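# An overview of the molecular structure
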Amino acid sequence: MEKLLSKGEGWLESHPEKELIARRYLKHRTSLMRQALARLVEEESPDADEAEEAHTAEEEAVEAPIYLNDQRLDAIVAALKDSGATSVVDLGCGEGRLLKMLLRDKSLTRIVGMDVSYRALAIAQSRLNLDRLPARQRSRIELIHGSLMYRDSRLAGFDAATVAEVIEHLDAPRLAAFERVVFECARPRTVIVTTPNVEYNVRFETLPAGKLRHKDHRFEWTRDEFQEWASEVAKRFGYTFGFAPVGPEDDKVGSPTQMGVFGCGNL
Ligand code: SAH
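Throughout this description, residue numbers start from 1 for each chain and increase along the sequence as written. Given that this is a predicted model, residues contribute local features only at a pLDDT of at least 70 and side-chain atom pairs are listed and counted only at 80 or more, while totals for whole chains, interfaces and linings are drawn from all residues. Note: side-chain values were computed over all heavy atoms of the structure, leaving out hydrogens and water.

So, on to the site of the ligand. Near, as used in this document, describes a residue that has one of its heavy atoms within 4 Å of the molecule or strand being considered. Taken together, 14 residues sit near the ligand, with G92, G94, D115, L148 and A164 positioned nearest. One of the backbone nitrogen or oxygen atoms of G92 is found 2.7 Å away from a nitrogen atom of the ligand. Taking V116, its main chain carries an N or O atom lying 3.4 Å from a nitrogen atom of the ligand. In this description, accessible areas are obtained by the Shrake-Rupley approach with a 1.4 Å probe, and a residue is regarded as covered only by the protein chains that are shown. With the chains in place, 83% of the 570 Å² that the ligand exposes on its own is no longer accessible. As used in this structure description, the phrase polar contact means that two N or O atoms lie within 3.5 Å; if the pair is within protein, one of them must be able to donate a hydrogen and the other to accept it, and residues adjacent in sequence are counted only when both atoms belong to side chains.

Ranked by internal contacts, the top residues of the largest apolar core, which has 43 residues, are L91, I167, F178, W229 and F262. The helix count covers DSSP runs of H or I at least four residues long, the strand count covers runs of E at least two residues long, and both are numbered beginning at the N terminus. Among the secondary structure elements, those contributing two or more residues to this core are α1 (2-7), α3 (30-44), β1 (87-91), β2 (110-115), β4 (160-164), α9 (175-186), β5 (190-196) and α10 (223-237). Mapping this core onto the domain boundaries places at least three of its residues in each of domain 1 (2-46) and domain 2 (52-263). Any two residues whose heavy atoms approach within 4.5 Å at even a single point are treated as in contact. The contact partners of L91, leaving out residues within four places of it in the chain, are M114, L148, L155, A161, T162, V163, A164, V166 and V182. Among buried residues, those of type Ala, Val, Leu, Ile, Met, Phe, Trp, Tyr and Cys that are joined through side-chain atoms within 4.5 Å constitute a nonpolar core. The buried label applies to any residue whose accessible area, calculated with a 1.4 Å probe on protein chains only, is under 20% of its type's maximum; exposed applies above 50%, and partly exposed to all values in between. By size, the runner-up hydrophobic cluster in this structure holds 26 residues, among which are C93, A124, A160 and V246. How far each domain reaches was decided by an automatic or database domain assignment.

Orientation of helix α5 (residues 68-83) relative to helix α6 (residues 97-104), taken along the N-to-C sense of each, is 45 degrees, at an axis distance of 10 Å. The orientation of α5 relative to α6 falls into the category oblique. Pair α5 / α6 crosses with right-handed handedness. Residue-level contacts link N69, L73, D74, I76, V77 and L80 of α5 to R97, L98, M101 and L102 of α6. When residues are grouped by polarity, Ala, Val, Leu, Ile, Met, Phe, Trp, Tyr, Cys and Pro land in nonpolar, Asp, Glu, Lys and Arg in charged, and all others, Gly among them, in polar. When grouped by side-chain class, the residues that make up the contact of α5 with α6 number seven nonpolar, one polar and two charged. Lines fitted to C-alpha atoms define the axes here, with helix axes fitted over just the stretch in contact, and angles between the N-to-C directions of these axes take values from 0 to 180 degrees. Oblique is the label for every angle not falling under 35 degrees (roughly parallel), over 145 degrees (roughly antiparallel), or within 65 to 115 degrees (roughly perpendicular). Left-handed describes a crossing in which the near helix is turned anticlockwise from the far one by less than a right angle; the clockwise case is right-handed.

At their nearest, the axes of α9 and α10 sit 11 Å apart, and the two run at 50 degrees to each other. Here α9 lies oblique to α10, going by the angle between them. As for the relative orientation of α9 and α10, their crossing is right-handed in sense. Residues L175, F178, E179, R180, F183 and E184 of α9 form the contact with α10, whose participating residues are W229, V233, R236 and F237. Counted by class, the contact of α9 with α10 contains six nonpolar, no polar and four charged residues.

DSSP bridges decide pairing: two strands pair if at least two such bridges lie between them. Within the open sheet, the seven strands sit side by side as β3-β2-β1-β4-β5-β7-β6. Their pairing is mixed. Lying at the two open borders of the sheet, with one neighbouring strand each, are β3 (141-145) and β6 (240-246). Put simply, the sheet's adjacent strands are angled 15 degrees from each other on average, direction ignored. Summarising the sheet, β6 and strand β7 (residues 257-263) pair through seven bridges and their orientation is antiparallel. By the bridge assignment, F241 is partnered in β7 with F262. Running over the sheet, α10 touches β5, β6 and β7 and is turned about 155 degrees from β6.

As a further point, take the domain arrangement of the chain. What the domain assignment lists for the chain is domain 1 (2-46) and domain 2 (52-263). For domain 1 versus domain 2, the separation of C-alpha centres amounts to 27 Å. The partner domain 2 presents nine residues to the eight residues of domain 1 that form the contact. Of the roughly 640 Å² buried between domain 1 and domain 2 on both sides combined, carbon and sulfur atoms contribute 54%. For this document, the term salt bridge refers to a Lys or Arg side-chain nitrogen within 4 Å of an Asp or Glu carboxyl oxygen. For the pair domain 1 and domain 2, the interface holds zero salt bridges. At the junction of domain 1 and domain 2, the tally comes to zero residue pairs in polar contact (both at pLDDT 80 or more). Looking at the side of domain 1 that touches domain 2, the elements with two or more residues in it are α2 (18-25) and α3. It is α3 that contributes the most residues to the side of domain 1 that touches domain 2, six residues altogether. Accessible surface is computed with a 1.4 Å probe, and the buried area is the amount of it that two parts give up when combined, taken over both parts together.

Take a look at the structure:
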């Protein structure tokens, strides 16, 4: 991996096929490749995480007047309760807001947060006070670094996975990889996905017309687009799919957040 990184210095980080090159060079050894790509991403855009933080603040400012963040977290926690899950992995956990709520739920015995951003994980670590939790609490939760683009055996064996406000950060052509990683390889019994409903954007007073809520969003879907995607994924991987609006509902444009709950019989 070190040899690849040193040989690739100056060109590999910005090469459009860097994943393929890294995969071949490292002879398909996924964990090494993941480490190499994580370092390449950092080298390519050392400020990316800071930019991400600023953007998150921007998105929150748009959504703040309706306390959307809280409503979204409450909806996810309620859906998790309904599913009866005792173990959950929060994919793209960011700074750990959902994890913090999950820790309070005593019925959850195993909670894992995963993110591709080291910086977000470091913030989560301090927000959750992980270093100061009593041993019994500490043993219930774990933060791991990883990418939803690669199969990862650490993601298998959970009752439920949550993917909150993450898919819209993935390039549309890469969604297929995400789908296989979650629904084929990790394959939890329940998958809860939330994403913005673009139709609602006209109701945000501070958001200019036609603009997405966050600069890093690669897309924002209408309700139809989300449901079409979700139904197709559910069918392909043998899950059921249920749709739920989150936040204040508007007759014309629906609710600001859309949530999908996927279920399969596999325990
Ligand atoms: N779920 C959190 C954070 C949403 S922001 C919340 O609801 O508050 C989107 C998060 O997805 C960021 O933390 C970003 O680092 C993460 N992310 C983006 N691409 C990812 C990938 N390929 N694998 C894992 N995490 C990813």
